[in-house]
Amino acid sequence: MTDCIFCKIVAGQIPCKKVYEDEELLAFHDIHPWAPVHVLIVPKAHIESHADLTDAHAQLAGRMMVLAPQLMKQLGVSGGFRTVINTGRDGGQEVMHLHMHVMGGPRPWSKG
Ligand code: AMP
Ligand code: ZN
């Protein structure tokens, strides 16, 4: 996906503040954080949105879910966190490459 900003981040063409990487997932800090800690977990493969997941993605999707609390712990978040996946136009999705927002840290937060 040549025009996808998250594919460009995965490819190293756009820099990011990386917090985690393996063969199929990348996590990095959101550029406009809503909370003291705000990371995005993205699959390296271009999957447009949550609505495009199939049974074949079950393990990948599960790994995103399992990674979230591990990253919050790694980043020193101890008071709980919030996970959000915006899907499609009406879901408020702006970047059309599946991503899970994971937000934590002491309140108040700028959004949410
Ligand atoms: P969404 O509205 O769910 O599609 O969220 C897209 C998120 O991507 C927003 O929170 C943006 O701040 C974030 N974002 C956009 N570009 C970048 C970037 N280059 N690096 C990190 N985060 C980004
Ligand atoms: Zn992409």
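Below: a short report on this structure. (Residues numbered from 1 in each chain as written. Chains lettered and ligands numbered in written order. Predicted model: local features only at pLDDT ≥ 70, side-chain atom pairs only at ≥ 80, totals over all residues. Heavy atoms only, no water.)

Comments concerning the site of ligand 1
Selection rule: If even one non-hydrogen atom of a residue comes within 4 Å of a molecule or strand, that residue is called near it. Counted as a polar contact is a pair of N or O atoms within 3.5 Å, where, for protein atoms, one must be capable of donating a hydrogen and the other of accepting one, and residues adjacent in sequence contribute only when both atoms are in side chains. Using the Shrake-Rupley algorithm and a 1.4 Å probe, accessible areas are obtained, with residue cover drawn only from the displayed protein chains. The pocket and cavity definitions rest on a 1 Å grid over protein atoms only: a 1.4 Å probe that fits but cannot leave marks a cavity, an open set with protein on both sides within 12 Å along at least five of seven lines marks a pocket, and residues lining either have an atom within 4 Å of a point. Placement in a cavity or pocket follows one criterion, namely that more than half of the molecule's atoms lie within 2 Å of its grid points. Helix numbering and strand numbering both begin at the N terminus, where a helix is a DSSP run of H or I of at least 4 residues and a strand a DSSP run of E of at least 2. Here the nonpolar group is Ala, Val, Leu, Ile, Met, Phe, Trp, Tyr, Cys and Pro; Asp, Glu, Lys and Arg are the charged ones; every other residue, Gly included, is treated as polar.
In the vicinity of ligand 1 there are 16 residues, among which Asp30, Asn86, Glu94, His99 and His101 approach most closely. Contacts to ligand 1 include Gly92, whose backbone N or O atom sits 3.2 Å from an oxygen atom. Measuring from an oxygen atom of ligand 1, one finds a side-chain N or O atom of His101 at 2.8 Å. Its free accessible area being 510 Å², ligand 1 has 88% of it covered by the protein chains. Among the detected pockets, ligand 1 sits in the largest pocket. Residue assignment for the shell around ligand 1 shows that the elements contributing at least two residues are α1 (5-10) and β2 (25-29). In terms of residue count, the dominant contributor to the shell around ligand 1 is α1 (3 residues). In the shell around ligand 1, the residues fall into 7 nonpolar, 7 polar and 2 charged.

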